[in-house]
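# An overview of the molecular structure
This is what each chain is made of:
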Amino acid sequence: MKNVAVSVRNAIIRAGYRYICKPYFFARDPELVHNQMITVGNMLGRVWLGRALTSLLFNYSHPSLHTTVLGIAFKNPLGLSAGFDKNADLVGIIPSVGFGFEEVGSITGEYCPGNPKPRMWRLLKSKSLVIYYGLNNRGCVVLGQQLRRALFRIPVGTSIAMTNCAANLDRAHGIKDFAKAFRELADVGAYTTVNISCPNAQGGQPFVDSGALEALLTELDKIPTNKPVLIKLSPDLTFAQVDTLLDIAKAHRVHGVICTNLTKPRDNKAVVDDLANIPAVGGLSGAPTKELSDALIAHVYTREQGKCIIVGVGGISTAEDAYRKIRLGASLLQMITGMIFEGPQVVSEINQGLARLLARDGFTHVSQAVGVDVPLR
Ligand SMILES: Cc1cc2nc3c(=O)[nH]c(=O)nc-3n(C[C@H](O)[C@H](O)[C@H](O)COP(=O)(O)O)c2cc1C
């Protein structure tokens, strides 16, 4: 499709989302709408016609967006972040929405119902969601079987985490549980993300402790896999804490980092909604994570002198947001909240905008722009 036709198509869908779909969705419980979207997406992804029509509405491709990272070929650098498709129900439809890859999960060792409902709230003015899901998913055995039967048309990463249960407050038990998820999914998908930054599980984030991370990665190293391994970082760590974790990760089988997960503190300057009626639980997504994620990407890129693969996520809702993360050092990008606030056509809008920004700056290929704003020694 020509650029002008794509722009017109996107503008029509954007208006339809803004004036029809979004008012309908946003008048309803966020988790209910999320579940309904999963059901519809799952149905569309199962049939050829559903995939073809979705592609017609949302797809966009450009040669400058093709990239190969960690030996994996991507048609564009923008992926669906972990947490939207927890149970891998959308692997059929996500390629047609225009994403270059998808991360399913987080998937835990055991089936996990998550935290009590309600557990998601919208912050309309701040363009953010308060998430308190608590790692609800069907568990690694069931999802491993399901994923092994699935046909992947784009790279699919598997995010794994520790089951959110009291038994895992014991470190040795928690590591066994984490290792179970790693092992069950070691042969499926393009890469594995070790999610050590979920803000919503019992016991907090035990693996930001250096001894605990060392013990966890030592255990995971023993499990054979051909897939690259990433770790997902919290935006609430100090740079000194991040440096310690990076040094530990480098001594183990870790190939890159994802910056970042949800942020917990509510005194974030991007939070402009009144939070009085929202319980003091959960983590914030969207705009409040944007600058934190940008800063961490630049920090990791500088510290590791461009040698650590970085996936940038947090508050992306425009091509400019995406491009900034790339120029700060991200080789790949992910998003969720921007799509919920702006509509699914935003994936195509971002990719089209990225191709334009790359051409404007004289880059023929997205990889050429990675880290150009960060001076290296
Ligand atoms: C509904 C929802 C559920 C999430 N669940 C997970 C999860 O299970 N595992 C994970 O690593 N991140 C999870 N996240 C965090 C996102 O993957 C992402 O890091 C964060 O939302 C920032 O990106 P965004 O601003 O584009 O949403 C979740 C986010 C949302 C909005």
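Conventions we followed
Residues numbered from 1 in each chain as written. Predicted model: local features only at pLDDT ≥ 70, side-chain atom pairs only at ≥ 80, totals over all residues. Helix = DSSP H or I, 4+ residues; strand = E, 2+ residues; numbered from the N terminus. Buried ≥ 20, exposed ≤ 12 C-beta atoms within 10 Å, placed from the backbone. Near = placed C-beta within 6 Å. Nonpolar A, V, L, I, M, F, W, Y, C, P; charged D, E, K, R; others polar. Pairing = 2+ DSSP bridges. Axes fitted to C-alpha atoms, helices over the stretch in contact; angles between N-to-C directions. Right-handed = clockwise from strand over helix to strand, strands pointing away. Parallel < 35°, antiparallel > 145°, perpendicular 65-115°, else oblique. Left-handed = near helix turned anticlockwise from the far one by under 90°. Contact = placed C-beta atoms within 7 Å.

Right, let's get into the overall build of the chain. In terms of regular secondary structure, the chain is built from 12 helices and 13 strands. Counting only C-alpha atoms, the chain reaches 55 × 50 × 45 Å along its principal axes. Relative to its full complement of 377 residues, the chain shows a buried share of 51%.

Bringing the site of the ligand into the picture now. Ser81, Gly83, Ser106, Ser285 and Thr337 are the nearest of the 27 residues found near the ligand. Going through the elements one at a time, strand 4 (101-108), strand 6 (128-131) and helix 11 (337-342) are the ones with two or more residues in the shell around the ligand. Looking at the shell around the ligand residue by residue, the classes come out as 11 nonpolar, 14 polar and 2 charged.

Covered by surrounding structure in strand 13 (residues 332-335) are Leu332 and Gln334 together with Leu333 and Met335, the residues of both alternating faces. As defined by bridge partners, strand 3 (residues 78-80) adjoins strand 13 across 3 bridges and the pair is classed as parallel. Counted as the bridge partner of Leu80 is Met335 from strand 13. One ladder, built from 3 bridges, connects strand 12 (residues 309-313) with strand 13; its direction is parallel. Across the sheet, the residue bridging to Gly312 is Leu333, located in strand 13.

Take the sheet that holds strand 13 next. Around the barrel, which closes on itself, the 8 strands sit in the order 3-4-7-8-9-10-12-13 with parallel pairing between neighbours. In this sheet, neighbouring strand axes are inclined to one another by 30° on average, regardless of whether the strands run parallel or antiparallel.

Glancing now at the sheet that holds strand 6. Strand pairing in a sheet is mediated by backbone hydrogen bonds. Such pairs are either parallel or antiparallel. Within the open sheet, the 3 strands sit side by side as 5-6-11. Their pairing is antiparallel. At either end of the open sheet lies a strand with only one pairing partner, and these are strand 5 (120-123) and strand 11 (283-284).

For the rest of this paragraph, the subject is the pairing of strand 9 (residues 229-233). Most of strand 9 is tucked away: 5 of the 5 residues are buried. Of the two faces of strand 9, the one carrying Val229, Ile231 and Leu233 and the one carrying Leu230 and Lys232 are both buried. In this fold, the crossover linking strand 8 (residues 191-195) to strand 9 by way of helix 7 (residues 210-221) has right-handed handedness. Two elements, strand 9 and strand 10 (residues 256-259), share 4 bridges in a ladder whose sense is parallel. Each residue of the ladder has a partner; that of Leu230, found in strand 10, is Gly256.

Attention now moves to the packing of helix 7 against helix 8 (residues 239-250). If you want to describe how two helices pack, look at the angle between their axes and the distance between the axes. Interaxial distance between helix 7 and helix 8 falls to 10 Å at its minimum, and their mutual angle equals 20°. Taken together, helix 7 and helix 8 sit at an angle that is classed as roughly parallel. Crossing angle aside, the handedness with which helix 7 passes helix 8 is right-handed. Mapping the contact onto sequence places Ser210, Leu213, Glu214 and Leu217 in helix 7 and Thr244, Leu245, Ile248 and Ala249 in helix 8. Grouping the amino acids of the contact of helix 7 with helix 8 by side-chain chemistry returns 5 nonpolar, 2 polar and 1 charged.

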